[in-house]
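The chain contents come next:
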Amino acid sequence: TDIFKIAGIAAPDISILSDEFLKEVQKIKHKNIAVELLERLLKDEVKSKFRTNVVKQRKFSDLLQDALSRYENRSIEAAQVIEQLIAMAKEFKEDLEKANSLNLSTAENAFYDALANNKSAENLMGEEVLVQIAQEIAEKLRRNVTVDWSVRESVRAKLRLMVKTLLKKYKYPPDQQEEATELVLCQAENIAEELSNNV
């Protein structure tokens, strides 16, 4: 069933997360349809925009799941969940705009998000240093894109060493290094597989 027709909204040509579109959604008479529409659109946007970005995928999937679970458990009303989903859509848009403003490639942005996932590290080191680390990681990964990903353990060990060396070089907070390393490795595997498929 075409959810846009049911909702009485023309399928949007512009960004589905535009302010105009979100205002249209708020006007939908049947709130359960508005909730379903926003849920589908946000899930699709998370999949398409953050396909290779593990950190952002987790963040927005968790936010979406949390809001929908509370709605399904009747902890919040349809109008409240619509407000939350619209707020989430706006945050999603801000994240995309920030990613664009950093002027990073998809891979570099994914590594930046992994490193900046820890707010204290982001505050301590600053955006510029994290951008520099992300660019270095992406460059080193690009040089090793032909790595045989079927031998995952040796690849992971090599990457882990490379990431830890870079984090120490830039004085990333030691107590946060292990978590950041794991996130970066997760992103590296995700992105490197995609890069090696394009080689």
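Please refer to the structure higher up on the page.
Residues numbered from 1 in each chain as written. Predicted model: local features only at pLDDT ≥ 70, side-chain atom pairs only at ≥ 80, totals over all residues. Heavy atoms only, no water.

A closer look at the packing of aromatic side chains
Part 1 of the argument: All told, the structure shown has three aromatic pairs when counted by the stated rule.
Part 2 of the argument: Between Phe50 and Phe92, the aromatic rings sit 5.1 Å apart at their centres with planes inclined by 65°, giving edge-to-face as the arrangement. Of this pair, Phe50 sits in the loop between helix 3 (31-49) and helix 4 (54-72) while Phe92 is found in helix 5 (residues 78-102), placing the two residues 42 residues apart along the sequence. Assigned by exposure class, Phe50 and Phe92 land together as buried.
Part 3 of the argument: With a centroid separation of 5.0 Å and 65° between ring planes, the pair formed by Phe60 and Phe92 is classed as edge-to-face. Taken as a pair, Phe60 in helix 4 and Phe92 in helix 5 lie far apart in primary sequence, 32 residues in all. (Phe/Tyr/Trp six-rings, centres within 6.5 Å; stacked < 30°, edge-to-face > 60°. Helix = DSSP H or I, 4+ residues; strand = E, 2+ residues; numbered from the N terminus. Buried < 20%, exposed > 50% of the residue type's maximum accessible area, 1.4 Å probe, protein only.)

Description of the pattern of salt bridges
Part 1 of the argument: Per the stated rule, a full pass over the model turns up 13 salt bridges.
Part 2 of the argument: Its salt-bridge partner being Lys98, residue Glu127 comes within 3.6 Å of it at the nearest N-O pair. Of this pair, Glu127 sits in helix 8 (residues 127-143) while Lys98 sits in helix 5, placing them 29 residues apart in sequence.
Part 3 of the argument: By relative accessible area, which is 40% here, Glu127 ends up partly exposed.
Part 4 of the argument: By relative accessible area, which is 34% here, Lys98 ends up partly exposed.
Part 5 of the argument: Residues Lys119 and Glu122 are paired through a salt bridge, measuring 3.0 Å at the closest nitrogen-oxygen approach. With Lys119 and Glu122 both in helix 7 (residues 119-125) and three residues apart, the pair spans about one turn of that helix.
Part 6 of the argument: One network of salt bridges, in which partners are shared, links Lys56, Lys59, Glu91, Asp95 and Asp113. (Salt bridge = Lys/Arg side-chain N within 4 Å of Asp/Glu carboxyl O.)

Some thoughts on helix 5
Note that an α-helix has 3.6 residues per turn; residues three or four places apart therefore point the same way.
Part 1 of the argument: The end-to-end C-alpha distance of helix 5, which contains 25 residues, comes to 36 Å, matching closely the 36 Å that a straight helix rising 1.5 Å per residue would cover.
Part 2 of the argument: Of all the residues in helix 5, the buried ones are Ala78, Val81, Ile82, Leu85, Ile86, Met88, Ala89, Phe92, Asp95, Leu96, Ala99 and Leu102.
Part 3 of the argument: In this structure, the buried residues of helix 5 make contact with helix 2 (19-26), helix 3, helix 4, helix 6 (106-116) and helix 8.
Part 4 of the argument: The positive-phi residue at the C-terminal boundary of helix 5 is Asn103, with phi of around 60°. (Expected span 1.5 Å × (residues − 1). Contact = heavy atoms within 4.5 Å.)

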